[in-house]
There are 2 protein chains.
Amino acid sequence: MSRYERIEMLAIGDELLDGRVTDTNTVCLGRALTGLGLTLAQRTTVADDIEAIVRAARAAIARKAGLVVVSGGLGPTMDDITAEAFAAVAGVDLVRDEEQVRAIEERLRSRGRAVADNQLKQADRPEGSEVISNPRGTAPGFSLVHDGCRFVALPGVPHEFEYLLRTTVIAELGADGPQIVEATLYTFGLVEGDVDALLQHVRRKHADVRFGFRAKFPEIHVSFKVEASRQTELEAAVVAARKELGAHVYADVPISMAEVVLNLLRNEGATLAVAESCTGGLVADNLTDVAGSSDVFCAGVVSYANTAKEKLLGVAAETLATVGAVSENTVMQMANGVREQAGTTYGLSTSGIAGPGGGTADKPVGTIWIGAVGPSLAVARKLSLPFDRRGNKVVTAYAVLDLLRRALLTNAT
Amino acid sequence: MSRYERIEMLAIGDELLDGRVTDTNTVCLGRALTGLGLTLAQRTTVADDIEAIVRAARAAIARKAGLVVVSGGLGPTMDDITAEAFAAVAGVDLVRDEEQVRAIEERLRSRGRAVADNQLKQADRPEGSEVISNPRGTAPGFSLVHDGCRFVALPGVPHEFEYLLRTTVIAELGADGPQIVEATLYTFGLVEGDVDALLQHVRRKHADVRFGFRAKFPEIHVSFKVEASRQTELEAAVVAARKELGAHVYADVPISMAEVVLNLLRNEGATLAVAESCTGGLVADNLTDVAGSSDVFCAGVVSYANTAKEKLLGVAAETLATVGAVSENTVMQMANGVREQAGTTYGLSTSGIAGPGGGTADKPVGTIWIGAVGPSLAVARKLSLPFDRRGNKVVTAYAVLDLLRRALLTNAT
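This section reports on the structure supplied with the text. (Residues numbered from 1 in each chain as written. Chains lettered and ligands numbered in written order. Predicted model: local features only at pLDDT ≥ 70, side-chain atom pairs only at ≥ 80, totals over all residues.)

1. Some remarks on helix H2 (residues 50-62) of chain B
Residues and elements named next belong to chain B.
Then, in step 1: Counted at 1.5 Å a residue, the expected span for H2 with its 13 residues is 18 Å, and the 18 Å between its end C-alpha atoms agrees.
Then, in step 2: When H2 is considered as a whole, its buried residues turn out to be Ile 53, Ala 56, Ala 57, Ala 59 and Ala 60. Down the axis of H2, the buried set is contained in an arc of 160°. They therefore lie on one face. In H2, the exposed residues that point more than 90 degrees away from the buried face are Glu 51 and Ala 62. (Helix = DSSP H or I, 4+ residues; strand = E, 2+ residues; numbered from the N terminus. Expected span 1.5 Å × (residues − 1). Buried ≥ 20, exposed ≤ 12 C-beta atoms within 10 Å, placed from the backbone. Arc of directions from axis to C-beta.)

The structure is reproduced here in structure tokens:
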């Protein structure tokens, strides 16, 4: 599938070993290779130390690696010694690339910064290597072939690494290998095991399609990949999976639940207000994270205290005294109250016990009511959640948006 | 300082190389070793593959590693082959630990789950190794000395790994080496470079204290570490640093800005309500993330639309028409309005342009007003922020809580 039998990662930097920084560049490389049907065989992480880098490079050659992606150690500081180390690996001198010197000078001047000598050091690379220009930063990378192994050294700054990786290594591997097409379904309301179980049959039937699951709490993403020549099979698999997963699929593009709901409301020219107790502002926060949400989302009320439920939302004192704040009756009054106050088409509400305190035998921690009201809508649902305080807030915020989404979909059909 | 000249990490698992999972166990180990004044020399990551594990273990021995912390591959599935691989490294058989068999059976039964054969496989370890019991999960670890190198294999599940690491390896290394005492100051309102510059003099004066910086947007944490025998010097350095950083230090224990503000309010028996426009519920979300916040935080209003500002908070239509929603006048009316509506001691407010759209020549994206009112308090501040939409929301939420915190501190003195 590729001209490289074995692909490895070599991550360089003290900060990766002393607990300061998590190595996300390897995750980026691993995901990109997986997307091409390729495998990352090993990662080695060493400190900013010439001897350690040289030894790690030689060990990769000894393991018959064909391609080693190297990250880090290309910047302007004394610690940045990757070019020097690979000159030592290949037994060559360092050369200063005049074109890169000019590029670094230009980049710094355009930002009103002085050109210090240590900045120009970034234009050094092992003699005989190819330079990799970096439009996202001052440090260029290089590609060096030695003893049958190609080392591609890229800057460690994650967004520069990712950009250069995709435009060089991954672009070349993708052109060499089969073209892959992919699709993703975004689901809410099922755990990973349930999604897996529901799709057993579909996976067996579409054995050529590679299925993948990714949990991004509280979402589960299901991905489908296939060689481009089998696009029809991908589409059939996606249709079959959608049928199994039903309304749990809330999107097939990477947008949040809040954005899906905002789009549905915008399409019908509707507006929204939310009344939150246990989610404490998180539903509004989710909605307002979406740029342009202000034409649909008008107002929210966080009625944390019972007096706020009465005063700001008009919940009856008697309701709170008899059935309590965590009840169907209360969430319906909250949703109606905020809808009236804000004069919107729809109203949403949440009230429950997020924990860790506040639970009773009748209403243990995780007992939560959510409600949604609109022109021809009045629905409430009870949740019993097992998460910690933050987890219960996050899932409840998703669930109340999902309640409205499902209602809007039913209306539309 | 330690009996090990060289310490390495060997992380095992396909999921670490195919982009599914970020290796946080190495960060955990690196941080713990740094805390002891020790260094992690290298990390190697390999797939669930016996040959690859054996080769990596032998390479660590060849590099004269004295201690290798191994993570992953100890679970019940077919992929979990760490014990088998290390039996091969040492040239010994696998033995089943009867005590661990009973522990696994008990743990599963107590959770109402069946004891499948593959679960018992977790009690297997290389002959001659020491078992490491795991009170946090079913998979025990083991410690094996071979060719002068000690391999400590721990389960890869992060919370189990961290617990067993601290109770075994780190506890032993800590007892061997000098005792370290540490302190941390939590700051808001400065960038890392500013904090560094402010502390130059203090660092020079207290050269025996190790200073560290950690950016956890929008917080900067400053840590101080020293051998226990020099505790007085640590205390002197912290006092000196506090003096330089002033009110930017909001805590010396790991709590959020919201929790600090809630504690200050609780101490004076005060209550709080917030009126949010550009933060869209995030201030309330931050406050309600703190367990027990409900005795202080009563209510929030997210007045995203101008009509909501008028109707829910009583902001004058004339103010909105003349100076606009993003103005000192508006935020003061918002803060007063929510305070009156909710009947609280203090009121906070935010209004601004979070972006990416909505900016004008007069009020570009990032122009934000925040306000705070109370019994003897009426203050507003203008911010000009350079972040993306989410970043602007996050910093504004911190800034408005910080505005109240500083006012409460001034009142108290």
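Next comes the rest of the account.
2. Structural notes on the environment of Leu190(A)
All names here are of chain A.
Then, in step 1: One can find Leu 190 in the loop between strand E9 (180-188) and helix H7 (192-198).
Then, in step 2: Assessed through the 17 C-beta atoms surrounding it within 10 Å, Leu 190 is described here as partly exposed.
Then, in step 3: Sequence separation between Leu 190 and Val 92 is 98 residues; the distance between their C-alpha atoms is 57 Å.

3. Overview of unusual backbone geometry
Then, in step 1: Note that the residue after Phe217(B), namely Pro218(B), is joined by a cis bond; omega there is 0°.
Then, in step 2: By the element assignment, Pro218(B) lies in the loop between strand E10 (210-216) and strand E11 (219-227).
Then, in step 3: Of note, Lys64(A) is a non-glycine position whose phi angle comes to about 65°, a positive value.
Then, in step 4: Among the structural elements, Lys64(A) can be located in the loop between helix H2 (50-62) and strand E3 (67-71).

4. Side note on the interface of chain A and chain B
Then, in step 1: Facing the 48 residues of chain A at the interface are 48 residues of chain B.
Then, in step 2: If you list the elements that add at least two residues to the side of chain A that touches chain B, you get helix H1 (24-35), strand E2 (40-46), H2, helix H11 (282-288), strand E14 (297-303), helix H12 (306-313), helix H14 (328-342) and helix H15 (389-412) of chain A.
Then, in step 3: Tallied by class, residues from the side of chain A that touches chain B come to 22 nonpolar, 17 polar and 9 charged.
Then, in step 4: The pairing of E14(A) with strand E14 (residues 297-303) of chain B spans 5 bridges and is classified as antiparallel. In the strand pairing of E14(B), Ala299(A) is matched with Ser303(B). (Contact = placed C-beta atoms within 7 Å. Nonpolar A, V, L, I, M, F, W, Y, C, P; charged D, E, K, R; others polar. Pairing = 2+ DSSP bridges.)

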